[in-house]
Amino acid sequence: MFELSDRARRIRDDLLAFMDEQIYPAEPIFHAQMTESGDPHYHPPILEELKTEAKKRGLWNLFHPHPEWGPGLTNSEYAPLAEIMGRSAHLAPEATNCSAPDTGNMEVLTLFGTEEHKREWLAPLLAGEIRSAFAMTEPAVASSDATNIQLRMDRDGDDYVLNGRKWWTSNALHKNCQVLIVMGKTDVDAQVHRQQSMMVVPLDTPGVTVVRGLSVFGYQDREGHAEVVFDNVRVPRTALLAGEGDGFMISQARLGPGRIHHCMRAVGMAERALDLMIDRAQARTTFGEPVANRANIQDWIAESRIEIEMTRLLILKTAYLMDTVGNKNARTEIAAIKVAAPQMALKVIDRAIQVHGGGGVSDDFPLASMYAHVRTLRLADGPDEVHKRTIAQRELRRRDPSWGRKA
């Protein structure tokens, strides 16, 4: 079931070579350029060099399932590639134009954008010339229930006028970010899941203000997680994606593949953390013996391998179901991997930090940054509790189809 196709195997081999020959050697250069700039949102030149090399090697837009725009890989074919890129999550995805939230935004523009949207925004995104952000979460409401979203999108003649405040708008502080996809309410009187719409909003539209970048465990991620105010932002009616009230439908189309990407990158981070743990345990000596000789360390290594393998198989099963029976019929598995993968990766990274001692919580090793990044995944795209609720409800209805229905 999970055997790679010949084309996916060729791309995997090419990607592994790219990681060894370009990405890993570029990591210290990247960090040096970021440090020298003094700007947490600096766009280091090494990234553009890596993007050029990835294009030369045909390792570009690997995520895109539509042959017109990318290699047309299935979820099952792309999943192992996302894992490989996750081993250097701050470099490899952007170097290959496979970074979130651009991947989801590009799929949305492909599926629901107009020809104007595709020409003005999709084409430069696919070329890696610009970046984009997705504005959904709001500070004033619990956005894990997207029906709570309050940003208004009011019709005014041939325009819409947007008013509201967003935060955790990831990528909005990236130096190349030029466009937002924004979710808000166009009709507060419609059915609950038909009130929301999505629109394409250029970042430089009058009334759009990036207030600040939110830190993550003290880190200012390079792409930024912005708080953004929309104050009488006027956009043409043509900014609408699909139609009024289609916001939830679009979000469901966007989130399924995105969760595969996030989860497999988490597996990649866990694999690298395990490698670092093993190397450190073999290189350090305590009380006259290598740390790797300690029974508890060997337990951690064994448990990490078991947990990584179990999680990877669950994600690959989910990808297979999405490819064969569709996202709707894989809802339980999609929710399950979103809970399982970050929790597993956090366990492995935490063990690696412990083996590294004080160095593990410093920036001399990637573990502290990895931990902060993976911990946010338990909130991004919905917190664990929302996904567990989805799983539980589907399980309850499996045993009693009438469960939870109102009389």
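How each quantity is defined
Per chain, the residues get numbers from 1 upward, laid out in the order the sequence is written. Per-residue local features are limited, in this predicted model, to residues with pLDDT of at least 70; the limit for side-chain atom pairs, both in listing and counting, is 80 or more; totals at the level of whole chains, interfaces and linings are taken over all residues. Excluding hydrogens and water, the side-chain figures rest on all heavy atoms present in the structure. Only residues whose relative accessible area exceeds 30% and that take part in no salt bridge are eligible for patches, with like-charged residues grouped when within 9 Å of each other and nonpolar side chains (Val, Leu, Ile, Met, Phe, Trp, Tyr) grouped when within 5 Å. Under the convention used here, a 1.4 Å probe and the Shrake-Rupley method define accessible areas, while residue burial counts only the protein chains that appear. In what follows, salt bridge is the name for a side-chain nitrogen of Lys or Arg lying within 4 Å of a carboxyl oxygen of Asp or Glu. Charged residues are defined here as Lys and Arg on the positive side and Asp and Glu on the negative side; His and the ends of the chain fall outside this count. The atom standing in for a charge is NZ when the residue is Lys, CZ when it is Arg, CG when it is Asp and CD when it is Glu. A run of DSSP states H or I qualifies as a helix once it reaches four residues; a run of E qualifies as a strand once it reaches two. Both are numbered from the N-terminal end. By definition, disulfides here are pairs of cysteine sulfur atoms that lie within 2.5 Å. Throughout this description, buried means an accessible area under 20% of the type-specific maximum (1.4 Å probe, protein chains only), exposed means over 50%, and partly exposed covers the range between. Here the term cavity refers to a set of points on a 1 Å grid, laid over the protein atoms alone, in which a 1.4 Å probe fits but cannot get out; the term pocket refers to an open set having protein on both sides within 12 Å along at least five of seven lines, with lining residues being those that place an atom within 4 Å of a point. Grid points are joined across faces, edges and corners, and a volume is the space filled by probe spheres set on the points. Here the nonpolar group is Ala, Val, Leu, Ile, Met, Phe, Trp, Tyr, Cys and Pro; Asp, Glu, Lys and Arg are the charged ones; every other residue, Gly included, is treated as polar. All the domain ranges listed were derived from an automatic or database domain assignment. Each nonpolar core is a collection of buried residues, namely Ala, Val, Leu, Ile, Met, Phe, Trp, Tyr and Cys, held together in the definition by side-chain atoms within 4.5 Å. The contact criterion used is simple: two residues touch if any of their non-hydrogen atoms lie within 4.5 Å. Once two parts are brought into contact, the accessible area they lose, counted with a 1.4 Å probe and summed over both, makes up the buried area. Identification of polar contacts relies on pairs of N or O atoms within 3.5 Å, with a donor-acceptor requirement for protein atoms, meaning one able to donate a hydrogen and the other able to accept it, and with residues adjacent in sequence counted only if both atoms are side-chain atoms.

**Observations concerning a positive patch on the surface**
Now for step 1: Together, K328, R331, R389, R397 and R405 make up a region of like positive charge exposed at the surface.
Now for step 2: Along the chain, R397 falls in helix α11 (residues 384–399).

**Observations regarding the state of the cysteines**
Any covalent bond linking the sulfur atoms of two cysteines counts as a disulfide.
Now for step 1: Here the structure, examined in full by the defined rule, presents 0 disulfides.
Now for step 2: In this structure C177 is not part of a disulfide, and its nearest cysteine sulfur, from C98, lies 18 Å away.
Now for step 3: Note on C263: no disulfide assigned, nearest cysteine sulfur contributed by C98 at a separation of 16 Å.
Now for step 4: Overall, C263 belongs to the buried group, its relative accessible area being 1%.

**What to know about the layout of surface pockets**
With a probe scaled to a water molecule rolled over the atoms, the places where space remains empty come into view.
Now for step 1: A volume near 230 Å³ is recorded for the second largest pocket.
Now for step 2: Considering the residues around the second largest pocket, the lining is formed by 13 residues, among which P65, H66, N75, E107 and P257 are closest to the centre.
Now for step 3: The leading source of residues in the lining of the second largest pocket is helix α7 (residues 247–283), at 3 residues.
Now for step 4: For the lining of the second largest pocket, the per-class residue count stands at 7 nonpolar, 5 polar and 1 charged.
Now for step 5: Among the domains, domain 1 (6–113) and domain 3 (248–399) are the pair contributing at least three residues each to the lining of the second largest pocket.

**A short note on the nonpolar core**
As a rule of thumb, nonpolar side chains are buried together in soluble globular proteins.
Now for step 1: I23, Y78, L81, L109, L241, I315 and V348 are the most contacted members of the largest nonpolar core, which totals 84 residues.
Now for step 2: Every residue in contact with I315, bar those within four places of it in the chain, is listed here: I260, C263, M264, V267, I337 and A341.
Now for step 3: Within the second largest apolar cluster, 22 residues are counted, among which are L173, L203, V228 and V235.

**Re unusual backbone geometry**
Now for step 1: A100 connects to P101 through a cis peptide bond whose omega is 0°.
Now for step 2: Examined against the element boundaries, P101 turns out to sit in the loop between α4 (92–95) and α5 (102–112).
Now for step 3: Positioned with a positive phi, N97 is a non-glycine residue whose angle comes to about 60°.
Now for step 4: Inspection of the secondary structure puts N97 in the loop between α4 and α5.
Now for step 5: Located in the positive-phi region is F217, a residue other than glycine, with phi close to 50°.
Now for step 6: Structurally, the position occupied by F217 is in the loop between β6 (208–213) and β7 (225–236).
Now for step 7: A relative accessible area of 58% places F217 in the exposed class.

**Quick word on the domain arrangement of the protein**
Now for step 1: Once the domains are mapped, the protein shows domain 1 (6–113), domain 2 (131–241) and domain 3 (248–399).
Now for step 2: Summarising the inter-unit geometry, the C-alpha centres of domain 1 and domain 3 are found 20 Å apart.
Now for step 3: With 25 residues of domain 1 at the contact, the number on the domain 3 side is 22 residues.
Now for step 4: Of all residues in domain 1, N75, E83 and R87 give up the largest surface area on contact with domain 3, accounting jointly for 33% of the area buried on that side.
Now for step 5: Joining domain 1 to domain 3, the criterion identifies 3 salt bridges.
Now for step 6: When the shortest N-O distance is used, the salt bridge between D275 and R87 registers 2.7 Å.
Now for step 7: In this assembly, domain 1 and domain 3 are joined by 8 residue pairs in polar contact (both at pLDDT 80 or more).
Now for step 8: Contributions of two or more residues to the side of domain 1 that touches domain 3 are made by α1 (6–37), α3 (75–86) and α5.
Now for step 9: The element best represented in the side of domain 1 that touches domain 3 is α3, accounting for 8 residues.
Now for step 10: A breakdown of the residues in the side of domain 1 that touches domain 3 according to their chemical character gives 13 nonpolar, 8 polar and 4 charged.

**With respect to the pattern of salt bridges**
When the charged atoms of two side chains with opposite charge come close together, those side chains can pair.
Now for step 1: If you walk through the whole model with that rule in mind, you get 33 salt bridges.
Now for step 2: Between R312 and E83 there is a salt bridge; the shortest N-O distance is 2.7 Å. Of the two residues, R312 is situated in helix α8 (residues 295–324) and E83 in helix α3; the sequence distance between them amounts to 229 residues.
Now for step 3: Accessibility expressed as a relative area gives 14% for R312, which makes it buried.
Now for step 4: On the basis of relative accessible area, E83 is assigned to the buried category, the value being 12%.
Now for step 5: As a salt-bridge pair, E227 and R165 come within 2.8 Å of each other at their nearest N and O atoms. Of the two residues, E227 is situated in strand β7 and R165 in strand β3 (residues 159–170); the sequence distance between them amounts to 62 residues.
Now for step 6: Among the residues examined, E227 registers a relative accessible area of 8% and is labelled buried.
Now for step 7: R165 sits in the partly exposed class, given a relative accessible area of 39%.

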